[in-house]
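Breakdown of the fold
Here is what each chain is made of, one letter per residue.
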Amino acid sequence: MAAYDPKNIFAAILKGQLPSHKVYEDELTYAFMDIMPRAEGHVLVIPKAPSRNILDMEPEDLAAVARTIKKVALAARETFKADGITILQANESAGGQVVFHTHFHVLPRWNGVPLRPAAQEVEKPDVLAAQAEQLRKALDG
Ligand code: AMP
């Protein structure tokens, strides 16, 4: 497996070198809106520590990310009146991974509504900002 590349886009987001619509942050994890959402309210949860994916990730970071996924999933269900939540995570190109900093997709789902294809359309920043604000409120409440 290749080494972690510290110049990947999620590392740049963590360093504040690229913008993101923040949903949640704690000591070990960061959650933000996916810019090409496969569902309304599509959030990415990442560890702050560098790793390509779960194959080289520290178990403690995986545990911290799992706790954040649960928080975000509950907030997303409430905020978007979702019937269900899909969690997706890809490892290496063969596993469907495109960005090589570990990330989990939290996807609100509604009965009868299929997921959109990946990397199809960039969402408007004001839509993502409004969704992130709604999620932050739900997480604070
Ligand atoms: P994966 O295919 O699992 O590696 O997912 C990568 C995800 O990152 C895709 O869903 C992209 O839409 C998303 N993405 C790419 N660039 C950005 C970015 N700058 N901010 C937020 N999400 C991004």
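Residues numbered from 1 in each chain as written. Predicted model: local features only at pLDDT ≥ 70, side-chain atom pairs only at ≥ 80, totals over all residues. Heavy atoms only, no water.

Looking at an unreviewed UniProt entry, the protein chain carries the name HIT family protein, with the source organism given as Camelimonas fluminis.

If you look at the biggest cluster of nonpolar residues, it comprises 24 residues, and the most contacted ones within it are Val23, Ala31, Met33, Val43, Val45, Val106 and Leu135. Among the secondary structure elements, those contributing two or more residues to this core are strand E1 (22–25), strand E2 (29–33), strand E3 (43–47), helix H2 (59–79), strand E5 (104–109) and helix H3 (125–140). When residues in this core are grouped by element, the largest group, 6 residues, is from H2. Setting aside its immediate chain neighbours within four residues, Val23 contacts Ala31, Phe32, Met33, Val43, Ala132, Leu135, Arg136 and Leu139. Phe10, Ile13, Leu44 and Ile46 belong to the second largest nonpolar core, which has 7 residues in total. (Core = buried A, V, L, I, M, F, W, Y, C linked by side-chain atoms within 4.5 Å. Buried < 20%, exposed > 50% of the residue type's maximum accessible area, 1.4 Å probe, protein only. Helix = DSSP H or I, 4+ residues; strand = E, 2+ residues; numbered from the N terminus. Contact = heavy atoms within 4.5 Å.)

The buried count for E3 comes to 5 of 5 residues, which makes it a mostly enclosed element. Of the two faces of E3, the one holding Val43, Val45 and Pro47 and the one holding Leu44 and Ile46 are both buried throughout. Pairing of E2 with E3 involves 5 bridges; the strand directions are antiparallel. Bridging across to E3, Phe32 finds its partner in Leu44. Pairing geometry for E3 and E5, over 3 bridges, is antiparallel. Bridging from a neighbouring strand, Val43 pairs with Val106 of E5. (Pairing = 2+ DSSP bridges.)

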